[in-house]
Amino acid sequence: MDINHVIYAVPTVPEDVGTEQRIDWLTNNLNKFCVLPWLNMNTNPNGNVKLCCSIAMDYFVANKDRPFNLGYDDITQIWNGPHMQNVRNLHRQNNGSDDCLDCYKIEKLSGHSPRKGQNKIWVERKNHDPELADYLTEVSNEKLYSISDILPLSLELRLGNQCNLKCVTCWGMSSSLIHEERKDMVKSGELMKRDLGWLQEKWTEDIEAVEKADMTEWYETDTFYKNFRLMAPKLRRLYTTGGEPTLIKANYRMLEELLAAGNNTCKIEFTTNMTTWNPKFYENLSKFENVEIQMSVDGVGTVAEYIRYGTKWDVVRENIKKVFEMASTRPNWRIVCYSVLQALNYQHITEIWEVLDEESKKYYKRVDWWPITLNYPAYLSLSVIPIEQRTASLPRIRDIARRYSSGSAMFTLGSDALTALEDSISKAPYNEELSNRFKAYKKYLDSYRAQNG
Ligand code: SF4
């Protein structure tokens, strides 16, 4: 069923709900309404625009028959054009838009979704941001539903694929080096000789997609910076990832544009692989009040060096220390560590906790840790390991987790994070075919990279 063609009346907010509480009511009581169509914009690594990062690859904000691109199209046209107006209408009718189907599916299965999370974040945020509160009041006021000259207050940008690593879990759209390596692998013919035709096919498709995309120029165009300057004065959140964002010049140029616009309260969030320390980037960052540094750490020592190929663990360790040192004197700076949970690291996660615990104690700075369960590429997921083998590691993991269960410590393992970790390890179904693919892939990778996994 195409939900865009089912028309419902605009839900009626009860009369005893005050004007300023309408947004709270809408987000608490409707099951398709989301605030992001009035707030957030996301780009793919080639600059094509989507509404948010939870939207499937091929649902773009469209300009007739092609996606809008932040490097080549005017932001006012992107954000106030028919596509976004239609999405906003569908959301205020609690009708749901096709763009958001994945989100609704996740919510139906688990009761949780990015929609619920984002509604909560932004509605809470209005409590200490009067201008945002006024704006959300307008959004929720039926007379002003058709606001037509707005700009995003939150940006999630993937500026190309420039990266210094070749992580085993990555692909060419996110790493320029992986793209080059896989081109070489595909060209060599070795994959076919080793019965890895399935990889040859997949990587050939990926390579073609990257070669067709503009991964370097769209975020250096005059239009991109003109668009950014228009949004800069009121922007509440700038999230960037890559590639490796600290290496991409446009990322620190955007910080300069925000400062030039007098906006040092915009929350800056970025995900980094921690392998580099770009003084210019961190110098600019130090001028912002609200920062969230998302460290992406999948292992310690040789585990990190194997998974995130190109990593020198000693350098990462030193940079983790620098992040804690820098954030320790800035109360509004938050540190979060994400680990991509996969076949190669589920037994080594506790070593990451030890590092976080050590630095958080030394600098008296809180850090949160969260596992992200890897689904793609499936041949590296937990499903390649028999369940008994995986669950055998759980008693040791639980035992170590107890050390970090005190709510008063700077590094405390949240029960949600631990449950997510245990559930992923114990519940992912075993798949023998994937397991064979994992072994064949690893054997080939080790011979290509002259290493022993
Ligand atoms: S409903 Fe989900 S997918 Fe749609 S904008 Fe909100 S968070 Fe994103």
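Scroll up to find the structure.
Thresholds, definitions, all that
- Residues numbered from 1 in each chain as written.
- Predicted model: local features only at pLDDT ≥ 70, side-chain atom pairs only at ≥ 80, totals over all residues.
- Helix = DSSP H or I, 4+ residues; strand = E, 2+ residues; numbered from the N terminus.
- Buried ≥ 20, exposed ≤ 12 C-beta atoms within 10 Å, placed from the backbone.
- Expected span 1.5 Å × (residues − 1).
- Arc of directions from axis to C-beta.
- Pairing = 2+ DSSP bridges.

Draft legend 1. Examining unusual backbone geometry more closely. Of note, the bond from Tyr376 into Pro377 is cis; its omega dihedral lies within 30 degrees of zero at 0°. With respect to the secondary-structure elements, Pro377 resides in the loop between β12 (367–373) and α16 (387–391). Although it is not a glycine, Asp195 adopts a positive phi angle of roughly 65°. With respect to the helices and strands, the residue Asp195 is situated in the loop between α8 (190–193) and α9 (197–212). Unlike most non-glycine residues, Ala450 shows phi in positive territory, near 50°. Note that Ala450 resides in the segment after α19 (432–449). Judged by the 6 C-beta atoms lying within 10 Å of it, Ala450 falls in the exposed class.

Draft legend 2. Up close: helix α15 (residues 349–363). Over its 15 residues, α15 extends 22 Å from the first C-alpha to the last, a length consistent with the 21 Å expected when each residue adds 1.5 Å. Buried within α15 are the following residues: Ile349, Ile352, Trp353, Val355, Leu356, Glu359 and Ser360. Looking down the long axis of α15, one finds its buried residues gathered within 160° of arc, a one-sided arrangement. Just past α15, the residue Tyr364 takes up positive phi, approximately 50°.

Draft legend 3. Broad picture of the pairing of strand β1 (residues 40–43). Going residue by residue along β1, you find Asn40 and Asn42 tucked away on one face and Met41 and Thr43 tucked away on the opposite face as well. Where β1 lies against strand β2 (residues 49–50), two bridges are found, and the strand directions are antiparallel. Pairing of Thr43 across the sheet is with Val49, part of β2. Linking two consecutive strands that pair antiparallel, namely β1 and β2, is a turn of five residues; a positive phi of about 90° is found at Gly47 within it.

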